[in-house]
Amino acid sequence: MAVRPRVLLVLASAVVVLAVYVAVQFRADMRVARAAVASYETIAVDTSFGSIELVDVGSGFPVLSIHGTGGGFDQGLALADGLLDAGYRVIAPSRFGYLGAPIPERTDAFAQADAFAELLDQLAVDRAIVMGASAGAITALAFAERYPERTAALLLMVPAYYPPEQAAPEPWSPIRTWALNTALRSDFLFWAGMRLAPTGMVTTVLATDRDLIEAADPEERARLDTVLAMILPISARADGLLLDAQNTASPPEIDLGDIRAPTFIASAEDDHYRTADSARLLARGIAGAELFITPDGGHVWANRSHEVEATTATFLDRVLH
């Protein structure tokens, strides 16, 4: 009979050791995530909507890089890495509710566009290439419509734009929705998902087919993992995530016919967020828009990011020079 208490003691000890290991690893990884955010040389610009934090790097023609859901100034800079390498100046601000950005009374895409116009005023930038990815493409569209004289070119990357005539992504099951929404509100749960099921997290959160992720070479897989890891600390982005959920479900009315800037729209046919359909809708509505859709790659262009960057750069060289 003495054997059973000893077995229970061993099991209890193992659970304690595992819990301590998990806690130590979580805290270490969160320190790394917070240090990564703190490593950016940001500036805070005052607007009538509040102070907005941004990264401003490079010295060429300016690009206003507007990040997508789960982002911030860090994701905005990563979005425009290829343009920065090509010699452009990248201005990457956080959108409302994300890193170092307020939640003002008005939180719609036109309010965000107005805030960014004020931000460019403070930076003495008259005209810029406006680049928006995913949910950030809605803000980019609003900016291009409201400030045509300030939009040198418009880049809409995997645009998560779902007006009434555009079908939104297929809804998830109740259990999957609950699990993801719970994880998106918790640094620990999101971290645990990344640790326990990294491929599943990339597939779900980044809307990319599993086989593409598994076929990625080490360099590309590292990029995909970095895109996902950049969402941490998710607690510093939660307010923005909630705003994006509202704004993508009820996007503003944008008169696409009023957009006159040279426009490049890119997506992937297999993006689970159905941005290829949105891209086609936008290309039909914006005069002269150039449409580029890869056959695969998902929401983050797995294994095709260099191709998309090269095509984008070629477009800009043609319309700006």
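Conventions adopted
Residues numbered from 1 in each chain as written. Predicted model: local features only at pLDDT ≥ 70, side-chain atom pairs only at ≥ 80, totals over all residues. Heavy atoms only, no water. Buried < 20%, exposed > 50% of the residue type's maximum accessible area, 1.4 Å probe, protein only. Helix = DSSP H or I, 4+ residues; strand = E, 2+ residues; numbered from the N terminus. Contact = heavy atoms within 4.5 Å. 1 Å grid on protein atoms, 1.4 Å probe; cavity = no way out; pocket = protein on both sides within 12 Å on 5 of 7 lines; lining within 4 Å. Points joined across faces, edges and corners; volume = space filled by probe spheres on them. Axes fitted to C-alpha atoms, helices over the stretch in contact; angles between N-to-C directions. Parallel < 35°, antiparallel > 145°, perpendicular 65-115°, else oblique. Left-handed = near helix turned anticlockwise from the far one by under 90°. Nonpolar A, V, L, I, M, F, W, Y, C, P; charged D, E, K, R; others polar. Pairing = 2+ DSSP bridges. Salt bridge = Lys/Arg side-chain N within 4 Å of Asp/Glu carboxyl O. Phe/Tyr/Trp six-rings, centres within 6.5 Å; stacked < 30°, edge-to-face > 60°.

## Side note on helix α12 (residues 275-285)
Move 1: Residues of α12 that are buried: T275, A276, S278, A279, L281, L282 and A283.
Move 2: Buried residues in α12 make contact with α5 (136-146), β6 (151-157), β7 (263-268) and β8 (290-294).

## Notes on the layout of surface pockets
Move 1: Considered as a void within the structure, the second largest pocket measures approximately 240 Å³ in volume.
Move 2: Along its surface, the second largest pocket is lined by 14 residues, and V32, A33, A36, A229 and M230 are the ones closest to its centre.
Move 3: Listing elements by their share of the lining of the second largest pocket, those giving two or more residues are α1 (3-38), α7 (187-196) and α10 (218-229).
Move 4: Among the elements that take part in the lining of the second largest pocket, α1 stands out by supplying 5 residues, more than any other.

## Concerning the packing of helix α8 (residues 198-205) against α10
Move 1: Running from N to C, α8 and α10 cross one another at 70 degrees; their axes reach a closest spacing of 10 Å. Judged by the inter-axis angle, α8 sits roughly perpendicular to α10. For the pair α8 and α10, the crossing hand works out as left-handed. Judged by residue contacts, P198, T199, M201, V202 and V205 of α8 engage R221, D225 and L228 from α10.
Move 2: Looking at the contact of α8 with α10 residue by residue, the classes come out as 5 nonpolar, 1 polar and 2 charged.

## A word on the sheet that holds β7
Move 1: Spatial ordering of the open sheet is given by β1-β2-β4-β3-β5-β6-β7-β8, a layout of 8 strands whose pairing is mixed. This sheet does not close on itself; its edge strands, each paired only once, are β1 (42-47) and β8. The sheet shows a mean angle of 20 degrees between the axes of neighbouring strands, direction not considered.
Move 2: Lying on the sheet, helix α4 (residues 109-122) is in contact with β1, β2 (50-57), β3 (62-66) and β4 (89-93); it crosses β1 at an angle near 115 degrees.
Move 3: Strands in contact with α12 are β6, β7 and β8; relative to β7, the strand with the most contacts, it is inclined by about 160 degrees.

## Examining the packing of α4 against α5
Move 1: Where α4 meets α5, the axes come as close as 8 Å, and the angle between the chain directions of the two elements is 70 degrees. Our classification of the angle between α4 and α5 gives roughly perpendicular. Crossing of α4 against α5: the hand is right-handed. Where α4 approaches α5, its residues A109, F110, Q112, A113, D114, F116, A117 and L120 are matched on the opposing element by I138, T139, A142, F143, E145 and R146.
Move 2: Its residues assigned to classes, the contact of α4 with α5 comprises 9 nonpolar, 2 polar and 3 charged.

## Re the pattern of salt bridges
Move 1: Tallying each qualifying case throughout the model produces 18 salt bridges.
Move 2: Of the charged contacts, one joins R210 and E214 as a salt bridge, the two residues approaching to 3.9 Å between their closest N and O atoms. Remark: E214 and R210 occur in helix α9 (residues 210-215); sequence separation between them is 4 residues, near one turn of the helix.
Move 3: Here E307 makes a salt bridge to R304, at a shortest N to O gap of 2.8 Å.
Move 4: For E307, a relative accessible area of 34% translates into the label partly exposed.
Move 5: A network of salt bridges, in which partner residues are shared, links R106, D108, D114 and R146.

## Let's talk about the packing of aromatic side chains
Move 1: Using the criterion set out here, one finds 8 aromatic pairs in the structure.
Move 2: Ring centres of F188 and W191 lie 5.7 Å apart, and the angle between their planes is 35 degrees; this geometry places the pair in the tilted category. Placement of both F188 and W191 in helix α7 is noted, with a separation of 3 residues, approximately one turn of the helix.
Move 3: Cluster of aromatic residues (ring-pair linked, three or more members): F26, F188 and W191.

## Comments concerning empty space enclosed by the protein
Move 1: For the structure on display, the rule yields 1 cavity of 30 Å³ or more.
Move 2: Of the voids in this model, the largest cavity is the one considered here, and its volume is about 130 Å³.
Move 3: Around the largest cavity sit 14 residues that line it, and R95, T107, T139, D244 and N247 are the ones nearest its centre.
Move 4: Counting residues per element, the lining of the largest cavity draws most heavily on helix α11 (residues 238-249), at 4 residues.

Coordinates in, geometry out; function isn't part of it.
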